[in-house]
Amino acid sequence: MELTRRLLLLGLAAAGTAVATDAMAARKRSPKRSASTRSSRRKARSEEAAKAPPSLPKRPDGQPLRIPEIVALPDGEVYELKAGPGSHAFVPDKPVPVAGYGGGYLGPALKVKSGTTPRVRLVNGLDRPTNLHWHGLLVPGEADGGSHPGVAPGGTWEAALPIDQPAATLWYHAHVHGRVAADLHDGLAGLLIVDDGSDERLGLPSAWGVDDIPLVLQDRVFDDGGAPRYEENAGVFDHGFRGNRMVVNGTLDAVATVPQRLVRLRLLNASSARVYRLYLEDERAFKLIATDGGYLPAPVDADTISLAPGERAEILVDFADGGTALMTTPDEHEHRVGLRAMRMPDVISTPVRLCAFHTEKDDKPAAKLPAALAALAEPDRAASVRTRNFRLQLRGGRPMSASAAHLHQAPGQHDGTGDAVERPAMAINGKSFDPTRIDEEVKLGTTEIWEVVSPEMGHPFHIHGVQFRVLSEDGGIPKIWNRGVKDTVFVENSATLLVTFTKPAPRTAPFVFHCHVLEHEDSGMMGTFTVT
Ligand code: C2O
Ligand code: CU
Ligand code: CU
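Residues numbered from 1 in each chain as written. Chains lettered and ligands numbered in written order. Predicted model: local features only at pLDDT ≥ 70, side-chain atom pairs only at ≥ 80, totals over all residues. Heavy atoms only, no water.

## Re the coordination of the copper ion (ligand 3)
- Protein coordination at the copper ion (ligand 3) comes from His459 (ND1), Cys515 (SG) and His520 (ND1), with a distance range of 2.0 to 2.1 Å.
- Sequence positions of the residues that donate to the copper ion (ligand 3) give the spacing H-x55-C-x4-H. One end of the pair, histidine 459, is in strand β27 (residues 459-463); the other, histidine 520, is in helix α8 (residues 518-522), with 61 residues separating them in the sequence. (Donors = N, O, S within 2.8 Å, 3.2 Å for Na, K, Ca; no water. Helix = DSSP H or I, 4+ residues; strand = E, 2+ residues; numbered from the N terminus.)

## Quick word on the coordination of the copper ion (ligand 2)
- Bound to the copper ion (ligand 2) are the protein donor atoms His133 (NE2) and His462 (NE2), situated 1.8 to 1.9 Å from the metal. With histidine 133 in strand β7 (residues 133-135) and histidine 462 in strand β27, this pair connects stretches of sequence that are 329 residues apart. Histidine 462 shares its class with histidine 133; the two are buried. (Buried < 20%, exposed > 50% of the residue type's maximum accessible area, 1.4 Å probe, protein only.)

## A few points about the sheet that holds strand β18 (residues 294-302)
- The strand order across the open sheet built from 7 strands is β13-β12-β11-β15-β20-β17-β18, with neighbouring strands paired in mixed fashion. Edge positions in the sheet fall to β13 (251-252) and β18, since each has one partner strand and no second. (Pairing = 2+ DSSP bridges.)

## Structural notes on the sheet that holds strand β26 (residues 447-453)
- Strand order in the open sheet formed by 5 strands is β24-β23-β26-β30-β28, with mixed pairing between adjacent strands. Whereas interior strands pair on both sides, the edge strands pair on one side only; in this sheet they are β24 (427-428) and β28 (467-473).

## Things to note about the pattern of salt bridges
- Taken as a whole and assessed by the stated rule, the structure comprises 37 salt bridges.
- Arginine 266 is the salt-bridge partner of aspartate 199, the closest N and O atoms lying 3.6 Å from each other. Placement of aspartate 199 in helix α5 (residues 198-202) and of arginine 266 in strand β15 (residues 262-269) is noted, with a sequence separation of 67 residues between them. In this pair, the class of aspartate 199 matches that of arginine 266, namely buried.
- Between glutamate 314 and arginine 266 there is a salt bridge whose closest N-O contact spans 3.6 Å. With glutamate 314 in strand β20 (residues 312-318) and arginine 266 in strand β15, this residue pair connects regions lying 48 residues apart in the sequence. Note on accessibility: glutamate 314 and arginine 266 belong to one class, buried. (Salt bridge = Lys/Arg side-chain N within 4 Å of Asp/Glu carboxyl O.)

Take it as geometry only, folks, not as evidence of what the structure does.
This is the structure:
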């Protein structure tokens, strides 16, 4: 407790450009805080508000939130996605070189319909090999570029994507081992939206960029020229990269304009390492409607959720009474990492505004909150045919086979003293990632229990080509944001997962499981598995 407060104070002193006030610090979020404290604070605030003279809502300072273009991929047709360099101004009038899909930073949101089979052709316009992983998409190993070595500059790679899963907010990103953190920092990521018709059936807000707002969350450090700086050093390998400024959809100091009614926010944590503890600045409650793999059975009341790297969530926020801002504070995990990270400059250890919402009236009727969302059975532990154990380790990887050793070098990474830094050999079950080795062999069509432990620090554990349910966390019931369908879960100490394997992955195109702290993944905290 004392340490936590000291960290907050230190963080405030060092906050620099991060948005922080004493009042916000005083309201440090704790998931254990009692509901009665919250409601009495809310009541006090609304009494204050009633006394205040009425005034027009003031537009918050900042830049208009960029909304990625949404592209519907037609059944059977080829869509060309070009990875390449581009230019993007995070700071107004200061364009800087970035990478992305289609010429700018990040890429378009691709919308696919359940039951169709669009084709995507990746064109490599970069000066280095690249590949493409569909994070959360249930497709066979061959269609997923996650373990593909990558195509050379100028090359292409094509995949047919038979869409066979319920509505969900997924994403795609480059996945070249040893380069994932740097490539995602450059901007090689985008959203992938699966539509199964339920938005329309349920009457959920679904006007893209109007009442259905994507928020791709990333933390960055900027230099004086307005360029985000990425550097790997020993501290960054261990803790993962953390920035002191937030960009949302590539927008620094983002302000979204939303109608004064029910609005859906689609959240993606596309950061290297930061775990966001999200809440709204005025502490209003919202409804959690979806996790990584799709809708919950019914909307769930929440006033905070946690989002670790790789995870997604969808929430409904009622803006009928005006605007507020989406905030984050370090959660308990960040405090633990923060203790060691305090030596690193530019670390957010204080409440930070991710995105402000400016509201405007429009003449559309407010969407009604559906009572039920999706049929989702309780996970059935008895369905498991076997149990496997996974231990996530910051050290202890065995040396790689000679053929894979080059993958483990981090060329050009320096620690600021001019010395090249060697990557630590991070591991799962004592083994660093080796694409030439198959770690687990799973039988197609079966369900298994995967027990995952993180003895040293929390890690977001992600599995390709599957969906899972969380049976328990640290031996107890899962947190509310972990009770839906998942493909990534933040394992603080231990988690028990019920994983169903519905898509094949042969030895030539295995799936992988890994920590989604990108520096950990790049440092070898990853394994392979086949599904046959
Ligand atoms: Cu977003 Cu291998 O993952
Ligand atoms: Cu993935
Ligand atoms: Cu990790």
